[in-house]
Amino acid sequence: DTAVSQTPKYLVTQMGNDKSIKCEQNLGHDTMYWYKQDSKKFLKIMFSYNNKELIINETVPNRFSPKSPDKAHLNLHINSLELGDSAVYFCASQQQGAGLQGYTFGSGTRLTVV
Amino acid sequence: AQSVAQPEDQVNVAEGNPLTVKCTYSVSGNPYLFWYVQYPNRGLQFLLKYITGDNLVKGSYGFEAEFNKSQTSFHLKKPSALVSDSALYFCAVRDGRGGNNRLAFGKGNQVVVIP
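The following refers to the structure shown. (Residues numbered from 1 in each chain as written. Chains lettered and ligands numbered in written order. Predicted model: local features only at pLDDT ≥ 70, side-chain atom pairs only at ≥ 80, totals over all residues. Heavy atoms only, no water.)

A look at the overall build of chain A
Of the regular secondary structure elements, chain A holds zero helices and 11 strands. Secondary structure elements in chain A, listed N-terminal to C-terminal, are β-β-β-β-β-β-β-β-β-β-β. Its C-alpha atoms give chain A a radius of gyration of 14 Å, within 12% of the compact-globule value 13 Å for 114 residues. Overall size of chain A, expressed as C-alpha extent along the three principal axes, is 45 × 25 × 25 Å. Counting the 114 residues in chain A, one finds 46% classified as buried. Across chain A, the centroid of the 12 positively charged side chains sits 6 Å from that of the 10 negatively charged ones. (Helix = DSSP H or I, 4+ residues; strand = E, 2+ residues; numbered from the N terminus. Rg over C-alpha atoms; globule rule 2.2 N^0.38 Å. Buried < 20%, exposed > 50% of the residue type's maximum accessible area, 1.4 Å probe, protein only. Lys, Arg positive; Asp, Glu negative; His and termini not counted. Charge placed at Lys NZ, Arg CZ, Asp CG, Glu CD.)

In structure tokens:
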């Protein structure tokens, strides 16, 4: 049973389109994140939600809009896709509270904008 | 801001030889450090973490890391590398801005284990 699952795994789309990526975690974690991994494999945080509340929004263009319907789900909607949006997007979850826990990552969504 | 640096782009090692992947950190306060591994077309997997306590931390797949406060380093080590250890390795540090437990990642090191 996958702990953090992302769909789709691959997404190829044309410039200007709008697309969504979905993420679900069944770990009962409080916090979920979106990271972008560029072509040089550098990981950059985009958003974080804690119990459905947005707590991090890192200088991401407002074409990117996260939505968290409940604490087990964090979706990413992207409007007016651009070539530079091509990357691998990773969802991760983390349990807060006593002790510092690391992340559990999804397997990633490879977005290619043509 | 808290940060980690991974000075090497790629580490090549012969199978059976010791493997070391370097990481240095820059933090204010106590460092909380992590290592993750990424296999091709996969998400990152947790290897180990240092929060407090023993400077030598043991993790998954036979990996360990040594926390060195005087050198501000947290190098990942494995005594005998396997071909299956070939992957991308990320060091990370807790970035406590805004009271959050988010992690800031280094740029990653590609490890190539040569048969």
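Alright, that's what it looks like, and here's the rest.
Brief notes about the nonpolar core
Ranked by internal contacts, the top residues of the largest apolar core, which has 28 residues, are Leu19, Trp35, Leu47, Leu48, Phe74, Leu76 and Tyr89 of chain B. The dominant element in this core, judged by the number of residues it contributes, is strand β10 (residues 87-94) of chain B, at four residues. Those residues within four positions of Tyr89 of chain B in sequence are excluded, and the remaining contacts are Gln6, Val21, Trp35, Tyr36, Val37, Leu47, Phe63, Leu76, Gly108, Asn109 and Val111 of chain B. Tyr49, Val60, Tyr89 and Cys91 of chain A belong to the second-largest nonpolar core, a separate cluster that totals 20 residues. (Core = buried A, V, L, I, M, F, W, Y, C linked by side-chain atoms within 4.5 Å. Contact = heavy atoms within 4.5 Å.)

A few points about the state of the cysteines
This structure, assessed with the given rule, holds two disulfides over all chains. Through a disulfide, Cys23 of chain A is tied to Cys91 of chain A; the S-S separation comes to 1.9 Å. Across the S-S bond linking Cys23 of chain A and Cys91 of chain A, the dihedral sits near -80°, which makes this disulfide left-handed. With Cys23 of chain A in strand β3 (residues 19-25) and Cys91 of chain A in strand β9 (residues 87-94), this residue pair connects regions lying 68 residues apart in the sequence. Each member of the pair, Cys23 of chain A as well as Cys91 of chain A, is classed as buried. Paired through a disulfide, Cys23 of chain B and Cys91 of chain B show a sulfur-sulfur distance of 2.0 Å. Across the disulfide from Cys23 of chain B to Cys91 of chain B, rotation about the S-S bond amounts to roughly -65°, and the bridge is consequently left-handed. Linking Cys23 of chain B in the loop between β3 (19-21) and β4 (24-26) with Cys91 of chain B in strand β10, this pair joins segments that are 68 residues apart in sequence. For the pair shown, Cys23 of chain B and Cys91 of chain B are each scored as buried. (Disulfide = S-S within 2.5 Å.)

As for the environment of Val88 of chain A
Residue and element names in this part refer to chain A. When you line up the elements, Val88 lands in strand β9. A relative accessible area of 11% places Val88 in the buried class. Between the C-alpha atoms of Val88 and Gly108, which are 20 residues apart in sequence, the distance is 6.1 Å.

Concerning the environment of Pro40 of chain B
Residues and elements named next belong to chain B. Tracing the sequence through the fold places Pro40 in the loop between β5 (33-38) and β6 (44-50). Judged by relative accessible area, which is 63%, Pro40 ranks as exposed. In the structure, Pro40 is positioned 11 residues away from Ile51 in sequence and 28 Å away in space, judged by C-alpha atoms.

Quick word on the packing of aromatic side chains
Scanning the entire structure with this criterion turns up 20 aromatic pairs over all chains. With centroids separated by 6.4 Å and ring planes inclined at 65°, the aromatic side chains of Phe34 of chain B and Phe46 of chain B adopt a geometry described as edge-to-face. Highlighted residues: Phe34 of chain B in strand β5 and Phe46 of chain B in strand β6, separated in sequence by 12 residues. Owing to a relative accessible area of 0%, Phe34 of chain B belongs among the buried residues under this scheme. Here Phe46 of chain B falls in the partly exposed class, since its relative accessible area comes to 34%. Ring centres of Phe63 of chain B and Tyr89 of chain B lie 5.5 Å apart, and the angle between their planes is 50°; on these two criteria the pair is classed as tilted. Of this pair, Phe63 of chain B sits in the loop between β7 (56-58) and β8 (64-68) while Tyr89 of chain B sits in strand β10; the two residues are 26 residues apart in sequence, bridging distant segments of the chain. Neither residue differs from the other here; Phe63 of chain B and Tyr89 of chain B are each classed as buried. Taken together, the ring pairs connect Tyr33, Tyr35, Phe90, Tyr103 and Phe105 of chain A together with Phe34, Tyr36, Phe46, Phe90 and Phe105 of chain B into an aromatic cluster. (Phe/Tyr/Trp six-rings, centres within 6.5 Å; stacked < 30°, edge-to-face > 60°.)

Keep in mind that these numbers describe shape and distance, not what the molecule does.
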